[in-house]
Amino acid sequence: MKWETLPDYDALSERAARILLGTIRENPRAVLGLPTGRTPIGMYQRVVQECSREYHCFSEVSTFNLDEYVGIPRTHPGSYFTFMQQNLFQHVDLDPANAHIPDGMAADLNAECARYDREIADAGGLQLTFLGLGSNGHIAFNEPGTPFTARTRVIELTQSTRDANASFFPDGVVPSRAITMGIATILESRRIVLLASGANKRAAIERLRSGEVTEEFPASSLHKHSDVTVLIA
Ligand code: GLP
């Protein structure tokens, strides 16, 4: 695991954007795993600035988001579909057919999860995946206790995770379930970059740094991977 401590959030965002842009310049057909949350917003802003439509940065790129809420339509302001539209997709030339997000309204959610893993495999697997970090150590929506062998599936969100994301739901109705890419799926990405910024992530970062590997702390699964970069600010 490589650790990089950046002076502030802007520097972290810049560094993450460089990694993303470098990857798609080297491989215009790259398959990316993408996160939501507050942390990656600065990275997306920089990518958008540099990569306006005329540069065709994303024309052959495929993306797979880490997770989506169950039971809210894509058009809901709190959905991760809306988040990605607003922060990245509508500003770059990514083909909507190549922008994948689990469908949290699917009639058969288990089939949707299996389909999502198959789509990732059919695309050749994830080349580079960015992750945020929950203050309880969750990655994507894999909450503490998740087996490291888990594939994409439906999970019940913990109250602390629902509270942490409540500001995205001004009506106060925070979904209780989500589809999340599984830890095993994430660990198959060839490279992983974890982003963590702010005082509320410090305890989780220290626990990750300790090297302890336990399913009670999902981010510790990353110690099992050979190409992980942790960017901290
Ligand atoms: C949500 C997302 C995670 C994200 C986490 C941290 O729970 N599902 O993928 O890593 O929030 O978010 P933030 O960056 O806002 O702290």
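Quick notes on the rules
- Residues numbered from 1 in each chain as written.
- Predicted model: local features only at pLDDT ≥ 70, side-chain atom pairs only at ≥ 80, totals over all residues.
- Heavy atoms only, no water.
- Helix = DSSP H or I, 4+ residues; strand = E, 2+ residues; numbered from the N terminus.
- Rg over C-alpha atoms; globule rule 2.2 N^0.38 Å.
- Buried < 20%, exposed > 50% of the residue type's maximum accessible area, 1.4 Å probe, protein only.
- Contact = heavy atoms within 4.5 Å.
- Areas by Shrake-Rupley, 256 points an atom, 1.4 Å probe, with all protein chains shown as cover.
- Lys, Arg positive; Asp, Glu negative; His and termini not counted.
- Charge placed at Lys NZ, Arg CZ, Asp CG, Glu CD.
- Core = buried A, V, L, I, M, F, W, Y, C linked by side-chain atoms within 4.5 Å.
- Near = heavy atom within 4 Å.
- Polar contact = N/O pair within 3.5 Å; in protein donor to acceptor, adjacent residues only side chain to side chain.
- 1 Å grid on protein atoms, 1.4 Å probe; cavity = no way out; pocket = protein on both sides within 12 Å on 5 of 7 lines; lining within 4 Å.
- Sits in = over half its atoms within 2 Å of the grid points.
- Nonpolar A, V, L, I, M, F, W, Y, C, P; charged D, E, K, R; others polar.
- Pairing = 2+ DSSP bridges.
- Axes fitted to C-alpha atoms, helices over the stretch in contact; angles between N-to-C directions.
- Phe/Tyr/Trp six-rings, centres within 6.5 Å; stacked < 30°, edge-to-face > 60°.
- Lys NZ or Arg CZ within 6 Å of the ring centre and 35° of its normal.

Caption draft 1: Focus on the overall build of the protein chain. Each helix and strand counted, the protein chain has seven helices and ten strands in total. The C-alpha radius of gyration computed for the protein chain amounts to 16 Å, which stays within 12% of the reference 17 Å derived for 233 residues, consistent with globular compactness. Projected onto its principal axes, the C-alpha coordinates of the protein chain cover approximately 45 × 45 × 35 Å. Burial analysis of the protein chain (233 residues in total) assigns 54% to the buried set. Look at the contacts in the protein chain between residues 6 or more apart in sequence, and 80% of them connect residues 24 or more apart. For the protein chain, the computed accessible surface area is about 10000 Å², with 49% contributed by carbon and sulfur atoms. In the protein chain, which carries 22 positive and 28 negative side-chain charges, the distance between the mean positions of the two groups comes to 3 Å.

Caption draft 2: Expanded view of the nonpolar core. If you look at the biggest cluster of nonpolar residues, it comprises 40 residues, and the most contacted ones within it are F58, L88 and F130. For this core, the secondary structure elements donating two or more residues are helix 1 (9–26), strand 2 (31–34), helix 2 (41–50), helix 3 (80–87), strand 6 (128–131) and strand 9 (191–196). I120, L187, A196 and F217 belong to the second-largest nonpolar core, a separate cluster that totals 27 residues.

Caption draft 3: Focus on the site of the ligand. Inspection of the region around the ligand gives G37, R38, T39, D67, Y80, G132, L133, H138, A140, F141, N165 and K201 as its neighbouring residues. With respect to the ligand, the side chain of Y80 contributes an N or O atom lying 3.4 Å from a nitrogen atom. Expressed as a share of its isolated accessible area of 390 Å², the protein-covered part of the ligand is 94%. In a pocket analysis with a 2 Å cut-off to the grid points, the ligand is assigned to the largest pocket. Classifying every residue of the shell around the ligand by side-chain character gives four nonpolar, five polar and three charged.

Caption draft 4: Region of interest: the sheet that holds strand 8 (residues 177–180). Strand order across the open sheet formed by three strands is 4-8-7, with antiparallel pairing between neighbours. Of all strands in the sheet, those with a lone pairing partner are strand 4 (67–69) and strand 7 (153–156), marking the two edges. Sheet twist, expressed as the average angle between the axes of neighbouring strands with direction ignored, equals 30°. Sheet topology note: the strand 7/strand 8 ladder contains four bridges and is antiparallel. The residue of strand 8 that forms the bridge with R153 is T180.

Caption draft 5: Region of interest: the packing of aromatic side chains. Enumeration according to the criterion identifies six aromatic pairs in this entry. Centre to centre, the rings of Y69 and Y80 are 4.8 Å apart; their planes meet at 45°, and the pair counts as tilted. One end of the pair, Y69, is in strand 4; the other, Y80, is in helix 3, with eleven residues separating them in the sequence. Comparing Y69 with Y80, the two get one shared label, buried. An aromatic cluster is built from Y69, Y80, F141 and F169, whose rings are joined through pairwise contacts. Its end group placed over the ring of W3, R209 keeps NZ or CZ at 4.5 Å from the ring centre.

Caption draft 6: Inspection of the sheet that holds strand 9 at higher detail. Read across the open sheet, the seven strands follow the order 1-10-9-6-2-3-5; overall the sheet is parallel. Two strands in the sheet have a free side with no partner beyond their single neighbour: strand 1 (2–5) and strand 5 (99–100). Examined bridge by bridge, strand 1 and strand 10 (residues 228–232) share four bridges and lie parallel to one another. Its bridge partner lying in strand 10, W3 is registered against V230. In the packing of helix 1 onto the sheet, the strands contacted are strand 1, strand 2, strand 6, strand 9 and strand 10, and the crossing angle to strand 6 comes to about 160°.

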